[in-house]
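Descriptive analysis of the structure
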Amino acid sequence: MPTLTKLFSMQEASQHNSKDDCWVVIDGKVYDVSSYLDEHPGGDDVVLAATGKDATEEFEDAGHSKSARELMETFCIGELDPSSPAIPELEISSKKESTEISKTLVNLTKLYWAVPVTFVQLKHNVRIALPFGSILEGHLLLMATGKELLVLKELDF
Ligand code: HEM
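The notes below deal with the structure included here. None of the values given here were measured: they were computed from a predicted structure. (Residues numbered from 1 in each chain as written. Predicted model: local features only at pLDDT ≥ 70, side-chain atom pairs only at ≥ 80, totals over all residues. Heavy atoms only, no water.)

1. Examining the overall build of the protein
A tally of helices and strands in the protein yields 6 helices and 7 strands. When the elements of the protein are put in sequence order from the N terminus, they spell out β-α-β-β-α-α-α-β-α-β-α-β-β. Looking at the protein as a whole, 22% of its 157 residues are labelled buried. Within the protein, counting contacts between residues at least 6 apart in sequence, those at least 24 apart form 66% of the total. Summing over all exposed atoms, the protein offers an accessible surface of approximately 11,400 Å²; the carbon and sulfur share of this is 58%. (Helix = DSSP H or I, 4+ residues; strand = E, 2+ residues; numbered from the N terminus. Buried < 20%, exposed > 50% of the residue type's maximum accessible area, 1.4 Å probe, protein only. Contact = heavy atoms within 4.5 Å. Areas by Shrake-Rupley, 256 points an atom, 1.4 Å probe, with all protein chains shown as cover.)

Next comes the structure, spelled out in structure tokens:
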């Protein structure tokens, strides 16, 4: 006979994250441990810290006994809906994405290896007494383009 299992989205489960109303998600199952928090031998703080996200790793890391796992089943209220989206702010992928973007930017900058700092307009009879000796020794390059002096900053990687 098929059993009816209530499905919850991670979004919904994560809203039950207080001492009075505390759900944890472990291995795809949702547990309402509100009534057990005060009795939990590992303390209520560790469980409260594990709400709002998948707590499987923390649960396994604590090395729970067989009897703890049996007791746990008495608090099961349903399962995580596998088709429900993860909570955006907890998605590791967004972190990964930003790293990818940073890498792309760094690669692009490497491709052009220098960034324009300023343009200096030159007059015909202007003698350029470069006060930039130290700059030339440093990371600034000067490139004349017609009557303009383009000051570039060499990038350090
Ligand atoms: C339905 C959920 C849970 C139940 C029924 C439960 C039950 C228990 C029980 C009976 C113990 C005593 C030791 C044992 O028999 O294994 C224990 C210890 C512990 N639990 Fe849980 N637990 C639950 C969830 C969690 C979660 C989500 C975490 C972590 C975020 C956690 C962390 C710990 C820790 C750190 C200990 C102490 C281990 C030690 O002192 O060596 N528990 N738990």
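2. Overview of the pattern of salt bridges
Scanning all chains against the criterion turns up 6 salt bridges. Here K19 and D44 are joined by a salt bridge, their closest N and O atoms 3.0 Å apart. Of this pair, K19 sits in the loop between α1 (10–13) and β2 (23–26) while D44 sits in helix α2 (residues 44–49), placing them 25 residues apart in sequence. The exposure class assigned to K19 is partly exposed, which follows from its relative accessible area of 41%. Through salt bridges with shared partners, one network takes in K19, D38 and D44. (Salt bridge = Lys/Arg side-chain N within 4 Å of Asp/Glu carboxyl O.)

3. Notes on the side chain of T51
For T51, the position within the fold is in the loop between α2 and α3 (56–61). Of the residues examined, T51 reaches a relative accessible area of 11% and is grouped as buried. Apart from residues lying up to four places away in sequence, T51 is in contact with H16, N17, C22, W23 and V24.

4. Concerning the site of the ligand
Around the ligand, the structure places 15 residues, and the nearest of them are V33, H40, V46, H64 and S65. H40 places a side-chain nitrogen or oxygen 2.8 Å from a nitrogen atom of the ligand. Within the side chain of S65, one N or O atom sits 2.6 Å away from an oxygen atom of the ligand. Put simply, the parts of the chain that give the shell around the ligand at least two residues each are α2, α3 and α4 (66–73). (Near = heavy atom within 4 Å. Polar contact = N/O pair within 3.5 Å; in protein donor to acceptor, adjacent residues only side chain to side chain.)

5. Observations regarding the coordination of the iron atom of the ligand
Summarising the metal site, the iron atom of the ligand is bound by the protein donors H40 (NE2) and H64 (NE2), whose distances to it range over 2.0 Å. For the iron atom of the ligand, the 6 donor atoms in the first shell make angles of 85 to 180° at the metal, a pattern classed as octahedral. Of the two residues, H40 is situated in the loop between β3 (29–32) and α2 and H64 in the loop between α3 and α4; the sequence distance between them amounts to 24 residues. Here H40 falls in the buried class, since its relative accessible area comes to 16%. By relative accessible area, H64 is classed as partly exposed at 23%. (Donors = N, O, S within 2.8 Å, 3.2 Å for Na, K, Ca; no water. Tetrahedral: all angles 85-135°; square planar, octahedral: opposite > 155°, others 65-115°.)

6. Points about the pairing of strand β4 (residues 76–80)
Of the strand pairs in this sheet, strand β1 (residues 7–8) and β4 are connected by 2 bridges, and their pairing is parallel. Bridge assignment links F8 to a residue of β4, and that residue is L80. Two strands pair when backbone bridges link them, and β3 and β4 are joined in this way by 3 bridges, in the antiparallel orientation. Among the inter-strand pairings, V30 is bridged to a residue of β4, identified as G78. (Pairing = 2+ DSSP bridges.)

7. Observations regarding the nonpolar core
Core analysis: the largest hydrophobic core is formed by 13 residues, its most contacted members being V24, I26, Y31, V33 and V47. What Y31 contacts, discounting residues up to four positions off in sequence, is C22, W23, V24, I26, M72, E73, F75, C76 and I77. Grouped together as the second largest cluster of nonpolar side chains are 6 residues, F8, M10, A13 and V30 included. (Core = buried A, V, L, I, M, F, W, Y, C linked by side-chain atoms within 4.5 Å.)

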